[in-house]
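Structure at a glance
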Amino acid sequence: MQTGWLLRDGQVLAAADLADSFADRTRGLIGRSDFDGAMILPRTRSVHSFGVRFPLDVAFLDKEMKVLSMVRLSKWRITMPRMRASQVIEAKAGSFDRWGLHLGDQLEFRPTP
């Protein structure tokens, strides 16, 4: 798993983890009691919250990391696949409001050295 920053227009929105392996994508936020940041899941079109201990904000992104769709996901739910999406961002519910995230926002992941 790579760590870094999630940015919009050069401004840091949150610390971010890039789940770059199949195991990391499968695990996601399952089992964590809290999470203050963003989990980026590449090669993902749908997510679930089975085993996640808190509601999630979920953003579906295209391959250039443009926000296509956003949903709030309660515990023990699954999203419908977004066919145009190629990656997903998961965060604790309320994070997107704090970050001011909107449809159409262009995001960037910047790894830390």
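The structure reproduced in this document is the subject of the present report.

What follows covers unusual backbone geometry. For D9, which is not glycine, the phi torsion reads 55° and is therefore positive. Summarising the element assignment, D9 is placed in the loop between strand 1 (2-8) and strand 2 (11-18).

Side chains carrying opposite charge are able to pair once their charged atoms draw close together. Under the criterion given, the structure shown has eight salt bridges. Note that R32 and D17 form a salt bridge whose closest N and O atoms lie 3.9 Å from each other. Placement of the pair is R32 in the loop between helix 1 (22-27) and strand 3 (38-42) and D17 in strand 2, with a sequence separation of 15 residues. According to the relative accessible area criterion, D17 is buried, its value standing at 15%. The partner of D34 in a salt bridge is K92, and the shortest N-O contact between them spans 2.7 Å. Linking D34 in the loop between helix 1 and strand 3 with K92 in strand 6 (residues 87-92), this pair joins segments that are 58 residues apart in sequence. Taking the relative accessible area as the measure of exposure, K92 reaches 32% and is therefore partly exposed. Several salt bridges converge on common partners, so that one network encompasses D57, R72 and D97.

As a further point, take the pairing of strand 4 (residues 56-61). Burial within strand 4 is extensive, with six of its six residues counted as buried. Residues L56, V58 and F60 point to one face of strand 4 and D57, A59 and L61 to the other, with burial holding for every one of them. In this structure, strand 4 lies alongside strand 5 (residues 67-73), joined through six bridges in antiparallel fashion. The residue of strand 5 that forms the bridge with L61 is V67. Once strand 4 ends, the chain turns through five residues before running back antiparallel as strand 5, passing M65 with a positive phi of about 70°. Pairing of strand 4 with strand 6 involves six bridges; the strand directions are antiparallel. What sits directly across from L56, in strand 6, is K92.

Scoring rules and cut-offs
- Residues numbered from 1 in each chain as written.
- Predicted model: local features only at pLDDT ≥ 70, side-chain atom pairs only at ≥ 80, totals over all residues.
- Heavy atoms only, no water.
- Helix = DSSP H or I, 4+ residues; strand = E, 2+ residues; numbered from the N terminus.
- Salt bridge = Lys/Arg side-chain N within 4 Å of Asp/Glu carboxyl O.
- Buried < 20%, exposed > 50% of the residue type's maximum accessible area, 1.4 Å probe, protein only.
- Pairing = 2+ DSSP bridges.

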